[in-house]
Amino acid sequence: MMMEDDGVSLEELMAQLSTAQETKTTARLSERNVVELVSKLKEKGLVGSQEDNALLHTVTGREYLTERRLREEVRGTVDR
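Definitions and limits used
- Residues numbered from 1 in each chain as written.
- Predicted model: local features only at pLDDT ≥ 70, side-chain atom pairs only at ≥ 80, totals over all residues.
- Heavy atoms only, no water.
- Helix = DSSP H or I, 4+ residues; strand = E, 2+ residues; numbered from the N terminus.
- Buried < 20%, exposed > 50% of the residue type's maximum accessible area, 1.4 Å probe, protein only.
- Contact = heavy atoms within 4.5 Å.
- Salt bridge = Lys/Arg side-chain N within 4 Å of Asp/Glu carboxyl O.
- pLDDT = per-residue confidence, 0-100.
- Patch = residues over 30% accessible without salt bridge, like charges linked within 9 Å, V, L, I, M, F, W, Y side chains within 5 Å.
- Areas by Shrake-Rupley, 256 points an atom, 1.4 Å probe, with all protein chains shown as cover.
- Polar contact = N/O pair within 3.5 Å; in protein donor to acceptor, adjacent residues only side chain to side chain.

Along the protein chain, the regular secondary structure elements total 3 helices and 2 strands. Along the protein chain, helices (α) and strands (β) appear in the sequence α-α-β-β-α when read from the amino end. With 80 residues in all, the protein chain has 8% of them scored as buried. Taking all contacts inside the protein chain whose residues are at least 6 apart in sequence as the whole, residues at least 24 apart take part in 8%.

Take a look at the structure:
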């Protein structure tokens, strides 16, 4: 699979992606920052704007998920 574009092969890009994915990150967002970020994204209509993609928060309020993801999780649990 040798695709050369701008002198970089697909294999090199895949290796770089693998390395980046395995790298541990020390930067973490605080809970407050995440809430502010999600609120801003909702305000701008970038998340939760489609009917089946409405953004929900869990009972604890510590996680967000979409209605679509909730349906998938319920369906997966029921089908077991």
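Under the counting rule described, the total for this entry stands at 5 salt bridges. Two residues, arginine 32 and glutamate 36, come together in a salt bridge whose shortest N-O distance is 3.2 Å. Of this pair, arginine 32 and glutamate 36 both sit in helix H2 (residues 31-43), 4 residues apart, which is roughly one turn of the helix. A residue is classified by how much of its surface remains accessible, and arginine 32, at 64% relative accessible area, is exposed. Note that glutamate 43 and lysine 40 form a salt bridge whose closest N and O atoms lie 3.6 Å from each other. Of this pair, glutamate 43 and lysine 40 both sit in helix H2, 3 residues apart, which is roughly one turn of that helix. Its relative accessible area of 61% is what places glutamate 43 among the exposed residues. Through salt bridges with shared partners, a single ionic network connects Arg69, Glu72 and Glu73.

Next up on the list: the confidence of the model for the protein chain. Taken as a whole, the protein chain shows an average pLDDT of 80; of its residues, 88% reach a score of 70 or greater. Mean pLDDT across the secondary structure elements of the protein chain bottoms out at strand S1 (residues 55-57), with 82, and peaks at helix H3 (residues 67-79), with 90.

In this section: a nonpolar patch on the surface. The grouping of Leu29, Val34, Val35, Leu37 and Tyr64 at the surface amounts to a nonpolar patch, some 410 Å² of accessible area in total. For the nonpolar patch, the element with the most residues is H2, which contributes 3 residues. Tracing the chain through its elements places leucine 29 in the loop between helix H1 (10-22) and H2.

Tracing the backbone through its elements, the reader meets threonine 60 in the loop between S1 and strand S2 (64-66). By relative accessible area, threonine 60 is classed as exposed at 61%.

Moving on, we get to the side chain of serine 9. Relative to the helices and strands, serine 9 is located in the segment before H1. Taking relative accessible area as the criterion, serine 9 reaches 3% and is therefore assigned buried. Reaching out from serine 9, the side chain makes a polar contact with the backbone nitrogen of glutamate 12 at a distance of 3.1 Å.

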